[in-house]
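Tertiary structure, described
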Amino acid sequence: MFTENFQYGLLIALAIALLFAAFTDIRRRQIDNWLNLSIALGAPLFWWASGLSLWPEVAMQFGVAIAAFAVFAGLFAVGWMGGGDVKLLTALALWIDPKSFLTLLFVMAVVGGILTIVVGGWHIMRRRKDKIAIPYGVAIAAGGLWVLGFNYIPTLTASA
């Protein structure tokens, strides 16, 4: 019972952190390093509360996080993604199982596309000439919240 409540509390904390990341990205176009680090450091507590084994489950989490970092760091290098976005996705990969992480990426891409169209339209309507800055942390947070809401919370409450 304690581990289920603890697991539930960790998932709520992650959801709050995602909302905070989205808010700060909208406001400042920045996701703070301390927030990404906090999310990453919370993952081992979640592994313990979830009963994940070191091999192969935790190793798989690390593998997905390393792969996510490599891919998204490449996108950062060509200017398609911000550094905070890369770190947030890497930290989320430590929490979310690989199948659900693919769902997160799909939802993130859809929301990110919609967000780009909306921000681009707003930019054009205001006749701005500067570079468009898309707060992609919003799309990442939406993908993370989607996965938490549909893959983690119902499973946890059903087992209680």
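Residues numbered from 1 in each chain as written. Predicted model: local features only at pLDDT ≥ 70, side-chain atom pairs only at ≥ 80, totals over all residues. Heavy atoms only, no water.

1. Some remarks on the layout of surface pockets
In this structure, the largest pocket spans a volume of roughly 440 Å³. For the largest pocket, the lining is made up of 20 residues, of which Trp80, Met81, Gly82, Asp85 and Ile134 are closest to its centre. Of the residues forming the lining of the largest pocket, the biggest block, four residues, is contributed by helix α4 (residues 83–95). When the residues that make up the lining of the largest pocket are grouped by side-chain class, the tally is seven nonpolar, seven polar and six charged. Each pocket or cavity is described by its volume, and for the second largest pocket that value is around 170 Å³. Lining the second largest pocket are Arg29, Val119, Trp122, His123, Arg126, Arg128, Asp130, Lys131, Ile132 and Ala133. In terms of residue class, the lining of the second largest pocket is made up of four nonpolar, one polar and five charged. (1 Å grid on protein atoms, 1.4 Å probe; cavity = no way out; pocket = protein on both sides within 12 Å on 5 of 7 lines; lining within 4 Å. Points joined across faces, edges and corners; volume = space filled by probe spheres on them. Helix = DSSP H or I, 4+ residues; strand = E, 2+ residues; numbered from the N terminus. Nonpolar A, V, L, I, M, F, W, Y, C, P; charged D, E, K, R; others polar.)

2. Structural notes on a nonpolar patch on the surface
Taken together, Phe106, Val110, Ile114 and Val118 make up a surface patch of nonpolar side chains, about 400 Å² in accessible area. Relative to the helices and strands, Phe106 resides in helix α5 (residues 98–125). (Patch = residues over 30% accessible without salt bridge, like charges linked within 9 Å, V, L, I, M, F, W, Y side chains within 5 Å. Areas by Shrake-Rupley, 256 points an atom, 1.4 Å probe, with all protein chains shown as cover. Salt bridge = Lys/Arg side-chain N within 4 Å of Asp/Glu carboxyl O.)

3. Looking at the side chain of His123
On the secondary structure map, His123 appears in helix α5. A residue is classified by how much of its surface remains accessible, and His123, at 11% relative accessible area, is buried. If near-sequence neighbours (up to four positions away) are discounted, His123 is found in contact with Arg128, Lys129, Asp130, Lys131 and Ile132. (Buried < 20%, exposed > 50% of the residue type's maximum accessible area, 1.4 Å probe, protein only. Contact = heavy atoms within 4.5 Å.)

4. Concerning the pattern of salt bridges
Per the counting criterion, the structure on display carries one salt bridge. Note that Arg28 is salt-bridged to Asp32, the shortest N-O span being 2.8 Å. Overall, Asp32 belongs to the buried group, its relative accessible area being 12%.

5. What to know about the packing of aromatic side chains
Counting across every chain of the model gives six aromatic pairs. Between Phe6 and Trp48 the ring centres are 5.8 Å apart and the planes differ by 70°, which places this aromatic pair in the edge-to-face class. Note that Phe6 is positioned in helix α1 (residues 2–28) and Trp48 in helix α2 (residues 33–50), a separation of 42 residues in sequence. Each ring, one from Trp47 and one from Phe62, has its centre 5.4 Å from the other, and the planes form 65°; the classification is edge-to-face. (Phe/Tyr/Trp six-rings, centres within 6.5 Å; stacked < 30°, edge-to-face > 60°.)

6. Section: the side chain of Thr24
Considering the arrangement of structural elements, one finds Thr24 in helix α1. When residues no more than four places from it in sequence are discounted, the contact partners of Thr24 are Arg29, Gln30 and Ile31.

7. So, the packing of α4 against α5
Where α4 contacts α5, the two axes come as close as 10 Å, and the packing angle between them is 145°. Packed against α4, whose contacting residues are Leu89, Leu92 and Ala93, the element α5 presents Phe101, Leu104, Leu105 and Met108 at the interface. Residue composition of the contact of α4 with α5, by class: seven nonpolar, no polar and no charged. (Axes fitted to C-alpha atoms, helices over the stretch in contact; angles between N-to-C directions.)

Shape is all these values report; function is a separate question.
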